[in-house]
Each structure stands twice: as structure tokens, then as C-alpha cells.
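The residues making up each chain are set out below.
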Amino acid sequence: KYKREEIRAAQAKPAAAASSPAAPAKAPRSKPIAGIIQIGDGVFRVPMNFDRTWDLMVDVLLRNYNLQIADKNTGILTTEWDSFYLDGKVNRNKVSIRLKRAGNQGVDLTVHNNVEILSRIPDGVSEVWLPSDRNKPEIGRIIQNLAIASGQPKPQIAADLIPSGEAPKPAM
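Treat the numbers as computed from the prediction; the structure is a model and nothing was measured. (Residues numbered from 1 in each chain as written. Predicted model: local features only at pLDDT ≥ 70, side-chain atom pairs only at ≥ 80, totals over all residues. Heavy atoms only, no water.)

### A closer look at the packing of aromatic side chains
Okay, step 1: Applying the stated criterion to the full structure yields one aromatic pair.
Okay, step 2: With centroids separated by 6.4 Å and ring planes inclined at 15 degrees, the aromatic side chains of Phe-50 and Trp-54 adopt a geometry described as stacked. Of the two residues, Phe-50 and Trp-54 both sit in helix H2 (residues 50–62), four residues apart, roughly one turn of that helix. With respect to class, Phe-50 is no different from Trp-54; both count as buried. (Phe/Tyr/Trp six-rings, centres within 6.5 Å; stacked < 30°, edge-to-face > 60°. Helix = DSSP H or I, 4+ residues; strand = E, 2+ residues; numbered from the N terminus. Buried < 20%, exposed > 50% of the residue type's maximum accessible area, 1.4 Å probe, protein only.)

### Brief notes about unusual backbone geometry
Okay, step 1: The phi torsion at Asp-87 lies on the positive side, around 55 degrees, for a residue other than glycine.
Okay, step 2: Relative to the helices and strands, Asp-87 resides in the loop between strand E5 (82–86) and strand E6 (89–101).

### Describing the pairing of strand E8 (residues 127–131)
Okay, step 1: Sheet topology places strand E7 (residues 107–120) next to E8; five bridges connect them, and they run antiparallel. In the strand pairing of E8, Glu-116 is matched with Pro-131.
Okay, step 2: Here E7 folds back onto E8 in antiparallel fashion, the turn holding six residues, of which Gly-124 has a positive phi close to 80 degrees. (Pairing = 2+ DSSP bridges.)

### Thoughts on helix H3 (residues 136–150)
Okay, step 1: Compared with the 21 Å implied by 1.5 Å per residue over 15 residues, the 21 Å span of H3 between its first and last C-alpha is a close match.
Okay, step 2: In terms of burial, H3 is a largely internal element, 11 of the 15 residues being buried.
Okay, step 3: For H3, every residue scored as buried is listed here: Glu-138, Ile-139, Gly-140, Ile-142, Ile-143, Gln-144, Asn-145, Leu-146, Ala-147, Ile-148 and Ser-150. (Expected span 1.5 Å × (residues − 1).)

Taken by themselves, the reported measurements are silent on function.
And the structure:
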């Protein structure tokens, strides 16, 4: 769903701006920015204020989904069902996100990706949507794209959330 060229271009912009001779020198910080970190199963701490996180999360989701609910007062974002093919089967997913202020620590994002596979039932004629456990790579993509959109370093997330093709290769 996400174009690697767009990701590379977004990552190159901050690097190019930092190396520009006209760029002002930044004051050293007392501690490095940790970026987005996973603090639980499907829960991520974002080191930004609520309004900025909300705006960027809406932007990230709108690139690939139609939003069904976007209620900033409650911090709830929900997409419509989105159909796609995977391994020769029709799948669909629906993403739900809750943003919650975490005091001066930033924002806690709870992300749930509901994935279902269209399957034939034993009568051989009817089809039904059945749950799938292939929900984690999309959560990882969403968090990675939020990090890119916000200029954060690569997020610290569990290995099973890293989209395929992006996992580090084992040493030989």
C-alpha cells in the first residue's frame, strides 16, 4: 500500500535540510530523542503533542484508507473496510486507533487492525468473512509512516510488526 519511493524521498528531505549550509545550528539536547516506541501489544508512545500527532495520524491514514470516524475529542479514528488480495484470496481490513494524552511524555496510540478473509463455507456455495491473524505488518507500516511523516527516527517496534521485506537479514 505504501510506495517505497515516497518513504525514501521523505527520509531524504530532513537529511538534505540538515546538511544545508544555510541551516541554523541546533542547540545540543540533554538527552537524545527516542522516537516512537512500543510500550505494549498494539500500544505505542509518540513523543509529540496531541494535536500534531492527531493531524499526522489523519494524514497517514488518508493516504490509504477512507475514514469512517474521526473524533478528535475522544481521540478515535476508524477506517472503513478496505479489500485487498493476498496469497490469491480476498481479504479486508479495518483499522481503529485511539490517541490518548500521556502527560508530558507525549501521546499513547492504541492501534487495532481487524483483518478478515473471504472463505467458502462447507455448503460450497456461500461465502463468509472469517478472522485472520495477519494483522501485525499493517500496524507496523502505519507506525513507520507516522515516524516518517513526523521526522522521527525509525520506531522501536517488535519484529513481528516489521512489514515483510524490511526485516534485518541474518548474518551469514
